[in-house]
Amino acid sequence: MEFRVDRQLAFLAVVNVAVMVAGGVLVGASFLDIYNLQSMAGQVPELGLLALGVMLAMISGNGGIDLSGIALANLSGVVAYLVLRDTVSPDDAPLLFSWSFAGIALLVGLAGGMLNGFLISSAGLTPIIATLGTQLFFTGLAIAFTNGSALGLGYIEPLDAFGNTPVLGVPLCFALFLLIALILGGVLRYSPFGLRLLLLGNNAKAARYAGIAEKRILFLTYTACGVLASVAGIVIAARTSSVKWDYGNSYVLIAILIAVMAGVRPEGGYGRVICVVLSATSLQILSSLFNFMDISNFFRDLAWGVLLLVFLAASGFDAKAWIRALRG
Amino acid sequence: MTDTTFNGATPDDNGKVSPGSAWRWLLRHPPVVTFSLIVLVCLVVGTINTDFWQVSNLFDILRASVVRGLFALGVLVVLASGGIDVSFTAIAAFVMYTVTMLVTNLLPGLPMPVILLVAAAGGACFGALNGLLVHTLRAPSLIVTIGTQYVIRSFLLTFVGTALFMNIPSSMEAFGKLALFTHQGANGSISVLPAFVLVLAVAAVVTWWILERTLIGRAVYAVGGNPGIAERLGYNLRTVHIFVFAYAGLLAGIAGIMHVASNRLANPFDLAGTELEIIAAVVLGGARITGGSGSVIGTLLGVVLITLVSNVLILVGIPSTWQLAIIGVFIVLAGTVFSLRARG
Amino acid sequence: MQLKHEAGAPPQGGEIATATIPYLEIRNIQKSFGGVRALKGVSLSIEPGQIYHLMGENGCGKSTLIKIISGAQPADGGELLIDGKPVGHLTPVAALAAGIETVYQDFSLLPNLSVAENVGLTQQLVAASGKLARRLDLTQMRQTAERALAAVNLPTSRAFLSTRTDELPMATRQLIAIARAIASDARLVIMDEPTTALTKHEVDNLIGIVTRLRAKGVAVLFVTHKLDECKEIGGRAVIMRDGQKVAECDIADHTKAELGFWMTGKVLDEARYRSAPKFGDDLLSVDALSLKGAFANVSFSMRRGEIVGITGLLDSGRNELARAIAGVVPADAGRIRLDGKDVTPRKPADAIDAGIGYVPEDRLSEGLFLEKPIEENIVVPVLDRLRGAFGILDGRRSRELAKRSVADLQVVTPDVANPVQSLSGGNQQRVLIGRWLTINPKLLVLHGPTVGVDVGSKDTIYRIIQRLADEGMGVIIISDDLLELLQNCDRIMVMRKGEVVETFEAETLKEEALYRALVEETTARTPQ
Amino acid sequence: EEKPSIVTVVKVTGENWFTRMNEGVDAYGKENPGVATSQVGPGKADAAQQGRLIEDLVAKKVAAIAVVPMDASALEGVLKRASQRGIKVITHEADNMKNTLVDIEAFDNKVFGARFNEKIAECMGKSGKWTSFVGSLGSLTHVQWADGGSENAKKYPEMELVSEKNESFNDANRAYEKAREILRKYPDIKGFQGGSAIDVIGIGRAVEEAGLQDKTCVFGIGLPKDTGSYLESDAVDGISFWDPKDAGYVMNKVADMVLKGEELKDGMDLGVPGYEKVTVKKGAGEGVIVVGQAWVDVDKSNYAKYPF
Ligand SMILES: Nc1ncnc2c1ncn2[C@@H]1O[C@H](COP(=O)(O)OP(=O)(O)OP(=O)(O)O)[C@@H](O)[C@H]1O
Ligand SMILES: Nc1ncnc2c1ncn2[C@@H]1O[C@H](COP(=O)(O)OP(=O)(O)OP(=O)(O)O)[C@@H](O)[C@H]1O
Ligand SMILES: [Mg+2]
Ligand SMILES: [Mg+2]
């Protein structure tokens, strides 16, 4: 199974390069200097991880989608902090604190993901309703636990380092993001589970008839989404050194945007991790460029919307051409 | 092609559906489920705090249901056709702000009916655009409308304006203050049932009539049931797609004006972000997200339910911080009930 | 395969000169789907008050032709004339407006709408000539529905009128589809295999309807595989093969043998593929298997190397039985034993683990992952076996496996990495069979193994089936292609209303006998 | 091009409050050609978006950043990075912010809250039920005002605080519905203290519709132009605010001073009304907090004097 360069991938790669070049030209060297590259890289994981979750959900087919991602991310941060606040002192045992923070956050993510997975695979809710409900539920819990106010973690060396310090020039959280992407890509491409997931998304009925354990796969998939969300939650906590219920309330749609721009088929059955990564980075570079040129944020959102529609049109066209090529 | 898996309802020989259990009957009549939930909530809240049984409370819930209700009716029509729309809040914001601003600055004297017409037309145009895109791009309407939502909202804030302003046209302000009933409370405090609840009533009746008594209405359900077959039987998908989104846009436009009129201010940042809650209300009313089902009455009940839950929490003494969590649970529960129905 | 020519050259439609201009004339219609040329230039003219029987093997283009006449699909080439006037591309509404009503093979009922709406709406849609901005005339709709339903002996009670069609059994649905077609005054009624779900009684009733229509000068176009029905109804036979019209003649003038010859291009020698079966020891025993609303205590057993056929009408329960054995829709009572072990499957995976392979009825929606490579389509059941180090899939081995079964089953394809979509129906079917051979099953359940597959492939597939049986595999064939069963099976079980009513030794069985057993009326299904 | 740039980052672009603030920012820029001033802000009121915006400004390496945080604690991380990069960080409305050199408060928030409460007490005759609103429990200053208010109310035993700190989420309609609900539960309520700038609008509308203009006392922060009609109808009895324009001006001035290395002395004059004699005290982190007395009290009589 060799590495395929399809249209989408090539296109995204070009976009990335093009925007970088544009930045270099329009803004100057400061846009291309290492610090900015690192700062942009540092900003990718939050959204990138959520987008990967959305991708998994979409691949699984039958209108698969995960609206609860950012809500769960915030919730896991909040819970982790509340649990630790009175048990582990970040100042005396920063390392212990950081690790147990991550641990608890992951557990919350796991639980949340399993809840989604259960609702969708066993209770048979449509993904959009299930995750809409849990989105409100998770957010609601986070509000209730914190009375709506943000909780500052203060400066916790290991966490902060994870969020912001580059190692060998690469911000740790970005490295982690890449690692996760790599693993996910491998799983999708080279593991029975991944193959089954893709087949399931392509034709659920045929998958069942072929003996693929539909429920189990759906459950695992949405659980994975939950875990990815909680990792995003950890990244957020590390970078902002605080946790809050409504952090990134605009991320839900952006994550979907990234996935769709990456050519993930909303009908299910197809999606490539590498494309998601590239589409996440291209969005980041573009928005940084806009900020450098102090272009209004409203205008940036406008650009997003147009981009999404253009990509839809493009991919719609691609698909047809693709089929034609196969048949002809 | 022909799927012969038998579902629970096996007809007896003359093809009539044998009467199912009460439970199945419930599942078959989703509005009943919603209604029971409402009654339940009322009883619980009412026993905890008897202040709940007040005319003013009823008035407030009705008032708070108007804008939501208008949105929900639009969403219902889209859902019934098998689509989904998340751009209506953006449309509403755009229309309400632009129209209010234009009227204020250009022809302040404009009477309310005209304003409503303009808003409705504007909303319908945006909606039609949605429908056209959904149809031609052949992409999931959720994704398409996310795109248009971004475009419309940010176009409004980039090029039209961002400033909240209070001096809305007198006709709108008057309309917003127009009272249907006025009720004198114990401490002489007055509570009014604003006339604009009638707008929702009218919209509901019209929507019901369109869905149940016109060809396009049946076509909406037909397409929601199975687009391929509907097309083969001669229903024009393009027309249906454009209609449902245009209609949703139209109601959104009106809802926007209602929002301004009742609020007596036009704030372009308002309404954004409430779309998922509205969709939830419609689903709580028994419409299936997969299309082909849903009723006006159910939708209205769903809206009331959501409004109720978000309006009585202080009365019950629940800190409003728990509100979202509770609504979330409601949606999941209702969703489960209806998914049982789907399989039942 | 050699053709014996005494059957004579097929007569062409031209031979009967027509004075009147035909109601509908089809000239050189062509249609392709990607690779396949489903219709390679078909011409036909339809006279008022005449009955036509469109005959031909599966996949020869009958439904496609009908979809074009009824405007459901545009033709790639050729022209349509109504009353001598060219009409270009027919839209569904235009066709309906021109008086062309159709009963589709898949019934084409709207699942979420009521019976009344399914029957009565079309008329109003046509009256509005497709414009949707019209008031809905409920009373008219109800009256239309009542009239039409009465004509096909369905109840007209309000309760029934307001039932969702997806809550009704197959036969009722098919009758509703027919009712819809005759609801408004049509000039041509097309029926694509309208009797697949009907009992003798209902068929007779349908024939009654047809004669009445004909009397009113309405033309009727039947699509059917059931020659006896055609003969009973009478009229003209239009015979297609491989997307072409090969013959048109008066059905009374020719024997079934001749018709069959023109359809298949070879003499229907009932020559059985089955020869000298050697049975092993007991393999499968099904006892008192039941599924509410589908079939009731079905019991039978078979031995290694045996081929058992199961047939029956569309809702005789044969499909559910097949699905139950495959665990797709588990039975709610009874047991299935394989090699004495109780393996009654609750889900397909169970059946597969037990060594039961199931090739479903509808290749495209239940069998294949159309956009996915042939390779993945074949190896999907054995992914776990292909795990290499760290549970990573061993690409090389899976490719090997796919290549081997492709070669083994003579699937015509350059590369197993191609999407299965690029294959022709027959080849797709062979890919599916190949999938199950990878788990080398003890029992292979083939559900309609040659639907939409042409002669050449049928032959290949039959030979494969025989080989597998000879190798000691048990094979169950569920099909309504009677000849197929007669040619391939050792025993044939006939189901009616969810029960196995008769079991034949295929060796000696005649097609007529089998057909009679199939449609034999026991109790009246619908009250008068 | 080489002149140092001071970028002001507000909670969200476009709201009247920050549009007014922009005037101050521009004004300072005009008067001081030595520096380039500008104001930016996210399109949605989302701490994440604001953070990303600042992130990029840090990368761009502007000279100074003046922030009005959506949510102070969510910005600690990025502002820390900013100062590490040698960027001067000024904040406003965030006196608990650690990673800032100077936090500017128009006034002492507790005192401000107390003043509201004093007015309310005055008006409701120092007895009866009253409640407080906040934009969101997340916005620190709002909470401080509410607390300052309840502190002050302790002086008057007859005054009873009920269901305090109702969140309006900066939405006039939410504020309205909350107010309605409170009027229902406590029909005899007398006092309302608004938190976010639009709370009084919602409360005012509720009171007006209930016809309780004369029975209730509504005070809170707000802008004259927005609140005018309710001041007219006595539904809102009085508003106080500090002029965002001045705040914006002062933020930039202080930023400029910090850039020039001038130190901030207690009691110094920043040359803007309300900031003539600022107190400078130690902040939550290394930095200092500069506090003015820049409040403006407005009622029916004088609101027309203010053009915003
Ligand atoms: N939608 C489609 N896309 C691609 N190929 C198709 C499609 N529909 C039919 N075909 C192919 O066109 C040919 C004719 O199909 P058609 O359904 O007309 O056969 P038929 O004569 O109706 O067979 P049957 O007797 O089984 O109904 C077959 O090869 C079939 O596989
Ligand atoms: N119902 C259908 N929908 C979509 N595509 C179809 C359908 N049936 C067949 N096809 C396509 O039509 C083409 C040929 O189908 P058909 O059944 O005519 O093959 P065939 O002529 O029987 O080939 P073979 O000789 O190998 O059996 C294939 O490309 C197949 O993908
Ligand atoms: Mg056919
Ligand atoms: Mg062929």
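Residues numbered from 1 in each chain as written. Chains lettered and ligands numbered in written order. Predicted model: local features only at pLDDT ≥ 70, side-chain atom pairs only at ≥ 80, totals over all residues. Heavy atoms only, no water.

With that settled, the discussion passes to the sheet that holds strand 4 (residues 88–92) of chain D. Residue and element names in this part refer to chain D. Taken in spatial order, the 7 strands make up an open sheet running 2-1-3-4-5-13-12, and their pairing is mixed. Each of the sheet's edge strands pairs with one partner strand only, and the pair in question is strand 2 (36–40) and strand 12 (279–282). Strand-to-strand twist of the sheet, defined as the mean angle between neighbouring strand axes without regard to direction, takes the value 20°. By the bridge criterion, 4 bridges tie strand 5 (residues 102–105) to strand 13 (residues 288–291) in an arrangement that is parallel. Bridging from a neighbouring strand, E105 pairs with V291 of strand 13. Relative to the sheet, helix 1 (residues 16–31) contacts strand 1 (5–9), strand 2 and strand 4, its axis offset from that of strand 2 by approximately 170°. Packed on one face of the sheet, helix 3 (residues 72–84) meets strand 3 (64–67) and strand 4 and runs near 145° to strand 4. (Pairing = 2+ DSSP bridges. Helix = DSSP H or I, 4+ residues; strand = E, 2+ residues; numbered from the N terminus. Axes fitted to C-alpha atoms, helices over the stretch in contact; angles between N-to-C directions. Contact = heavy atoms within 4.5 Å.)

Right, let's talk about the site of ligand 1 for a bit. Residues and elements named next belong to chain C. Of all residues adjacent to ligand 1, which total 14 residues, the nearest are F33, G59, K62, S63 and T64. Between ligand 1 and K62, the relevant distance is 2.7 Å, taken from an oxygen atom to a side-chain nitrogen or oxygen of the residue. For ligand 1, whose unbound accessible area comes to 630 Å², protein coverage reaches 75%. Listed by contribution, the elements that provide at least two residues to the shell around ligand 1 are strand 2 (36–46) and helix 1 (62–69). (Near = heavy atom within 4 Å. Polar contact = N/O pair within 3.5 Å; in protein donor to acceptor, adjacent residues only side chain to side chain. Areas by Shrake-Rupley, 256 points an atom, 1.4 Å probe, with all protein chains shown as cover.)

Across the contact, 30 residues belong to chain D and 38 residues belong to chain A. For the chain D and chain A pair, buried surface summed over both sides reaches about 2,800 Å², with 48% attributable to carbon and sulfur atoms. Area buried by chain D at its contact with chain A is led by D:R52, D:D56 and D:K60, which between them contribute 22% of it. Across the chain D-chain A interface, the total number found is 5 salt bridges. Across the salt bridge formed by D:E55 and A:R239, the nearest N and O atoms sit 3.0 Å from each other. (Buried area = accessible area lost by both parts, 1.4 Å probe. Salt bridge = Lys/Arg side-chain N within 4 Å of Asp/Glu carboxyl O.)

It is worth spelling out the state of the cysteines at this point. Enumeration over the complete set of coordinates arrives at 1 disulfide over all chains. There is a disulfide in this structure between D:C123 and D:C217, and the S-S distance comes to 1.9 Å. When the S-S torsion is -80°, as for the bridge of D:C123 with D:C217, the disulfide is left-handed. Taken together, the residues D:C123 in helix 4 (residues 109–123) and D:C217 in strand 10 (residues 217–221) connect sequence positions 94 residues apart. Given the relative accessible area of 4%, D:C217 is considered buried. Free of any disulfide, C:C249 has its nearest cysteine sulfur in C:C230, 11 Å distant. (Disulfide = S-S within 2.5 Å. Buried < 20%, exposed > 50% of the residue type's maximum accessible area, 1.4 Å probe, protein only.)

Counting across every chain of the model gives 64 salt bridges over all chains. Between C:D384 and A:R196 there is a salt bridge; the shortest N-O distance is 2.9 Å. With C:D384 in the loop between helix 13 (374–379) and helix 14 (395–408) and A:R196 in helix 9 (residues 192–202), this pair bridges two chains. For C:D384, a relative accessible area of 41% corresponds to the partly exposed category. Notably, a salt bridge pairs A:R265 with A:E267, separated by 2.9 Å at the nearest N-O pair. Taken together, the salt bridges that share partners define one network made up of B:R63, B:E173, B:K177, B:R264, D:R205, D:E208 and D:E209.

Formed by 288 residues in total, the largest nonpolar core has its most connected members in A:M55, A:F101, A:I256, B:L70, B:Y235 and B:M258. Dropping the residues within four chain positions of it, B:Y235 is found in contact with B:A219, B:A222, B:A230, C:L110, C:L121, C:L125 and C:L132. (Core = buried A, V, L, I, M, F, W, Y, C linked by side-chain atoms within 4.5 Å.)

All right, on to empty space enclosed by the protein then. Rolled over the atoms, a probe as big as a water molecule pinpoints where empty space is left. For the structure on display, the rule yields 14 cavities of 30 Å³ or more. Estimates place the volume of the second largest cavity at around 150 Å³. Those elements that place two or more of their residues in the lining of the second largest cavity are helix 3 (34–59), helix 12 (251–261), helix 13 (273–292) and helix 14 (297–327) of chain A together with helix 2 (47–60) of chain D. In terms of residue class, the lining of the second largest cavity is built from 8 nonpolar, 5 polar and 2 charged. (1 Å grid on protein atoms, 1.4 Å probe; cavity = no way out; pocket = protein on both sides within 12 Å on 5 of 7 lines; lining within 4 Å. Points joined across faces, edges and corners; volume = space filled by probe spheres on them. Nonpolar A, V, L, I, M, F, W, Y, C, P; charged D, E, K, R; others polar.)

Facing 44 residues of chain A, the contacting portion of chain B comprises 40 residues. Around 3,400 Å² of area is buried between chain A and chain B when both sides are counted, 84% of it from carbon and sulfur atoms. Taken together, the connections running from chain A to chain B amount to 0 salt bridges. Applying the counting rule to chain A against chain B returns 1 residue pair in polar contact (both at pLDDT 80 or more). Of all the elements in the fold, those that place two or more residues in the side of chain A that touches chain B are helix 5 (94–122), helix 6 (127–146), helix 12 and helix 14 of chain A. Looking at which element gives the most residues to the side of chain A that touches chain B, the answer is helix 6 of chain A, with 15 residues. Of the residues assigned to the side of chain A that touches chain B, the class counts are 30 nonpolar, 11 polar and 3 charged.

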